[in-house]
Amino acid sequence: MAITIPYITALTTLFSYGLLFAFGQIRDLFRKFLEWSSPKNLQGYAPICLGLEDFYTRRLYLRIQDCFSRPIAGAPDAWIDVVERYSKDSNKTLIRTKRTSKCLNLGSYNYLGFAAADEYCTPRVIESLNKYSASTCSTRVDGGTTALHAELEELVARFVGKPAALVLGMGYVTNSAIIPVLIGKGGLIISDSLNHNSIVNGARGSGSSIRVFQHNTPSHLEEVLREAIAEGQPRSHRPWKKIIVVVEGIYSMEGELCKLPEIVAVCKKYKAYVYLDEAHSIGAIGKTGRGVCELLGVDTADIDIMMGTFTKSFGSCGGYIAASKELIRFLKYTCPAHLYATSMSPPAAQQIISALKVVLGEDGSSRGAQKLARIRENSNFFRSELQKMGFEVLGDNDSPVMPIMLYNPAKIPAFSRECLKQNVAVVTVAFPATPLLLARARICISASHTKEDLVKGLEVISKVGDLYSY
């Protein structure tokens, strides 16, 4: 989905950033004069932060940092307690108070509502805490593998439809540590232009060559593949040792579904492996919550490496890789995140197991099916109402992620602060998480939201939109 910025919007947004940059440079000039008059004694050390390296942080981010990293004082359920803060130095530092505001939560990834207390999950998590403690204090290859870890890996493999799985304690690391093990020098990674930072860093750390194709455009992927295969490796022009195409199920900043059937067809044609990141799609979409493959009718046998996280739909932490038994065995011998990192907390593993059993209906109830139906209904209702109001909303139907485009830097804090005043907690996203001109508010919908909650959120967003001419 190409975002076309209206000419006037682009012009005013660039002008706003230009103004902020100009005033920031003037303030830095005065700062240099003050430092010259009272130089700091670094005792021979070079400054750890040079002027332009933290210019964006000092002169743009700090002005509105009250809109980010807001502390909470409870579980991220449909309603959330946001800790109030204030500043005495123009937002350079924020001081927490003991007061909280109860806000409608439109920012957390709690897609299926498992992040709050649950009648099935919570008692089992408490029991596992009493039995195993909060941490194994060991790596998986030493004393950090419990019966829960083995059960979780078997359950994940069965749920996603692959022969085997490996679970890790952090979702980000699942990409950034696994990709360098899968491919190295002489290999080629072809990555979607809007892939997550964890994929980008994993690809860079692999030492392989990297090509980028236009976001969610299978025709351009085919062009890149054809050209790369024809040219071969740089300088030597030898054939590539292997080619991996990396895509996401739902793109976290766009709320857009991957065109997976077309991309798989292209990869099959050119004998490239498919690496699918389902961080935001597993558990959240598909009739039974099995993600983008189920929703779009793609056979999981056609996906070589399936990655996902437990932080969105399952109310826990960590991530997984699901693939063939041979590949998972290889990763267990070679992946540094498995060999050297402390294993996933046992209560966290139990939370995922319990949540998966609810989704699968193995808890003896139909709550899992009800949650899946509710997240789909809530997402489609909220998206359609926002579009009726005239907001520019990105993404596809069924996706619980819906970005509202803000563009202008002045609208980022205005939208966030005004929503908070009216007891609605939202997440605003700007550079470097998005391109400079494409700032947005990212709404995340949950199965725990009631119809009344959604109507309340829509009313507030509509008022804020009218107030600031979104």
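Higher on the page you've got the structure.
Predicted model only: the values in this text are computed from it and were never measured.

**Regarding the pattern of salt bridges**
For step 1, the next point in the chain: For the structure on display, the rule yields 17 salt bridges.
For step 2, the next point in the chain: Close ionic contact of lysine 268 with aspartate 302 constitutes a salt bridge, the shortest N to O distance being 3.1 Å. Here lysine 268, found in helix α8 (residues 260–269), pairs with aspartate 302, found in the loop between α9 (292–296) and β10 (305–309); they are 34 residues apart in sequence, far enough to count as distant.
For step 3, the next point in the chain: Lysine 268 gets classed as partly exposed once you look at its relative accessible area, which sits at 47%.
For step 4, the next point in the chain: Overall, aspartate 302 belongs to the partly exposed group, its relative accessible area being 25%.
For step 5, the next point in the chain: Here glutamate 385 makes a salt bridge to lysine 388, at a shortest N to O gap of 3.2 Å. In this pair, glutamate 385 and lysine 388 are both assigned in helix α13 (residues 367–389), three residues apart and thus about one turn of the helix distant.
For step 6, the next point in the chain: On the basis of relative accessibility, which here comes to 65%, the residue lysine 388 falls in the exposed class.

**Focus: the nonpolar core**
For step 1, the next point in the chain: Counting 85 residues, the largest nonpolar core has Val245, Leu260 and Phe382 as the members making the most contacts within it.
For step 2, the next point in the chain: With eight residues, the top contributor of residues to this core is helix α12 (residues 346–360).
For step 3, the next point in the chain: If sequence neighbours within four positions are ignored, leucine 260 has contacts with Val247, Leu276, Val292, Cys293, Leu296, Val298 and Ile303.
For step 4, the next point in the chain: Leu182, Ile183, Ile244 and Tyr275 belong to the second largest nonpolar core, which has 24 residues in total.

**Side note on a positive patch on the surface**
For step 1, the next point in the chain: On the surface, a cluster of positive charge is contributed by Lys185, Arg235, Arg238 and Lys241.
For step 2, the next point in the chain: Within the fold, arginine 238 resides in the loop between α7 (218–231) and β6 (243–248).
For step 3, the next point in the chain: For arginine 238, a relative accessible area of 58% gives the class exposed.

**Remarks on the sheet that holds strand β15 (residues 439–444)**
For step 1, the next point in the chain: Spatial ordering of the open sheet is given by β12-β15-β14, a layout of three strands whose pairing is antiparallel. This sheet does not close on itself; its edge strands, each paired only once, are β12 (401–407) and β14 (427–429). Recorded for the sheet is a direction-independent mean angle of 30° between the axes of neighbouring strands.
For step 2, the next point in the chain: Relative to β15, β12 runs antiparallel, the two sharing six bridges. From the neighbouring strand, tyrosine 407 faces β15, where its bridge partner is alanine 439.
For step 3, the next point in the chain: Against the sheet, α13 makes contact with β12 and β15, and its axis sits at roughly 25° relative to β12, the strand it touches most.
For step 4, the next point in the chain: Strand contacts of helix α14 (residues 411–421): β12, β14 and β15, with the helix running at about 130° to β12, the strand carrying the most contacts.

**A few points about the state of the cysteines**
For step 1, the next point in the chain: Counting across every chain of the model gives zero disulfides.
For step 2, the next point in the chain: Between cysteine 137, a cysteine without a disulfide, and cysteine 317, which holds the nearest cysteine sulfur, the sulfur-to-sulfur distance is 15 Å.
For step 3, the next point in the chain: Its relative accessible area of 68% is what places cysteine 137 among the exposed residues.

**Things to note about the sheet that holds strand β3 (residues 164–168)**
Strand pairing in a sheet takes place through backbone hydrogen bonds and is either antiparallel or parallel in direction.
For step 1, the next point in the chain: With respect to topology, seven strands assemble into an open sheet ordered β3-β11-β10-β9-β6-β4-β5, the strand pairing being mixed. Strand pairing shows two members of the sheet lacking a second neighbour, β3 and β5 (209–213), which therefore form its edges. Each adjacent strand pair in this sheet contributes to an overall mean axis angle of 20°, direction not counted.
For step 2, the next point in the chain: Sitting on the sheet, helix α6 (residues 197–206) touches β4 (188–192), β5, β6 and β9 (273–277), and the angle it makes with β4 is about 165°.

**Details of the packing of α7 against α8**
Any two packed helices are characterised by the angle at which their axes cross and by the distance between the axes.
For step 1, the next point in the chain: At a minimum axis distance of 9 Å, the contact between α7 and α8 shows a crossing angle of 15°. Considering their axes alone, α7 and α8 lie roughly parallel with respect to each other. Every pair of crossing elements has a handedness; the one defined by α7 and α8 is right-handed. Between α7 and α8, the residues in contact are Pro218, Leu221, Glu222 and Leu225 and Glu262, Ile263, Val266, Cys267 and Lys269, respectively.
For step 2, the next point in the chain: Tallied by class, the residues present in the contact of α7 with α8 amount to six nonpolar, no polar and three charged.

**Quick look at the packing of aromatic side chains**
For step 1, the next point in the chain: Summed over the entire model, instances satisfying the criterion amount to seven aromatic pairs.
For step 2, the next point in the chain: Where phenylalanine 21 meets phenylalanine 55, the ring centres are 5.1 Å apart and the plane angle is 65°; that geometry is what we call edge-to-face. Residue phenylalanine 21 is located in helix α1 (residues 7–37), and its partner phenylalanine 55 is located in helix α2 (residues 55–61); the two are separated by 34 residues in the primary sequence.
For step 3, the next point in the chain: According to the relative accessible area criterion, phenylalanine 21 is partly exposed, its value standing at 43%.
For step 4, the next point in the chain: Classification of phenylalanine 55 by relative accessible area gives buried; the value is 5%.
For step 5, the next point in the chain: Look at phenylalanine 310 and phenylalanine 314: their rings are 6.2 Å apart centre to centre, the planes differ by 65°, and that puts the pair in the edge-to-face class.
For step 6, the next point in the chain: When its relative accessible area of 1% is taken as the criterion, phenylalanine 310 is described as buried.
For step 7, the next point in the chain: For phenylalanine 314, a relative accessible area of 1% puts it in the buried group.
For step 8, the next point in the chain: Aromatic ring contacts, followed pair by pair, group Phe159, Phe310, Phe314 and Tyr320 into a single cluster.
For step 9, the next point in the chain: Above the ring of phenylalanine 381, the side-chain terminus of lysine 451 is found at 4.7 Å from the ring centroid.

**Here we look at a nonpolar patch on the surface**
For step 1, the next point in the chain: Residues Phe15, Leu19, Phe23, Ile26, Leu29, Phe30 and Phe33 make up a contiguous nonpolar surface patch of about 770 Å² in total accessible area.
For step 2, the next point in the chain: For leucine 19, a relative accessible area of 41% corresponds to the partly exposed category.

**With respect to the pairing of β6**
For step 1, the next point in the chain: Along β6, six of the six residues are buried, which leaves the element largely enclosed by surrounding structure.
For step 2, the next point in the chain: Of the two faces of β6, the one lined by Ile243, Val245 and Val247 and the one lined by Ile244, Val246 and Glu248 are each fully buried.
For step 3, the next point in the chain: Pairing of β4 with β6 involves four bridges; the strand directions are parallel. Within β6, the residue paired with isoleucine 190 across the bridge is valine 245.
For step 4, the next point in the chain: Strand direction decides the pairing type here: β6 and β9, joined by five bridges, are parallel. Residue pairing across strands places glutamate 248 opposite aspartate 277, the latter belonging to β9.

What counts and what doesn't
- Residues numbered from 1 in each chain as written.
- Predicted model: local features only at pLDDT ≥ 70, side-chain atom pairs only at ≥ 80, totals over all residues.
- Heavy atoms only, no water.
- Salt bridge = Lys/Arg side-chain N within 4 Å of Asp/Glu carboxyl O.
- Helix = DSSP H or I, 4+ residues; strand = E, 2+ residues; numbered from the N terminus.
- Buried < 20%, exposed > 50% of the residue type's maximum accessible area, 1.4 Å probe, protein only.
- Core = buried A, V, L, I, M, F, W, Y, C linked by side-chain atoms within 4.5 Å.
- Contact = heavy atoms within 4.5 Å.
- Patch = residues over 30% accessible without salt bridge, like charges linked within 9 Å, V, L, I, M, F, W, Y side chains within 5 Å.
- Areas by Shrake-Rupley, 256 points an atom, 1.4 Å probe, with all protein chains shown as cover.
- Lys, Arg positive; Asp, Glu negative; His and termini not counted.
- Charge placed at Lys NZ, Arg CZ, Asp CG, Glu CD.
- Pairing = 2+ DSSP bridges.
- Axes fitted to C-alpha atoms, helices over the stretch in contact; angles between N-to-C directions.
- Disulfide = S-S within 2.5 Å.
- Parallel < 35°, antiparallel > 145°, perpendicular 65-115°, else oblique.
- Left-handed = near helix turned anticlockwise from the far one by under 90°.
- Nonpolar A, V, L, I, M, F, W, Y, C, P; charged D, E, K, R; others polar.
- Phe/Tyr/Trp six-rings, centres within 6.5 Å; stacked < 30°, edge-to-face > 60°.
- Lys NZ or Arg CZ within 6 Å of the ring centre and 35° of its normal.

Purely spatial values, then, with no claim about function.
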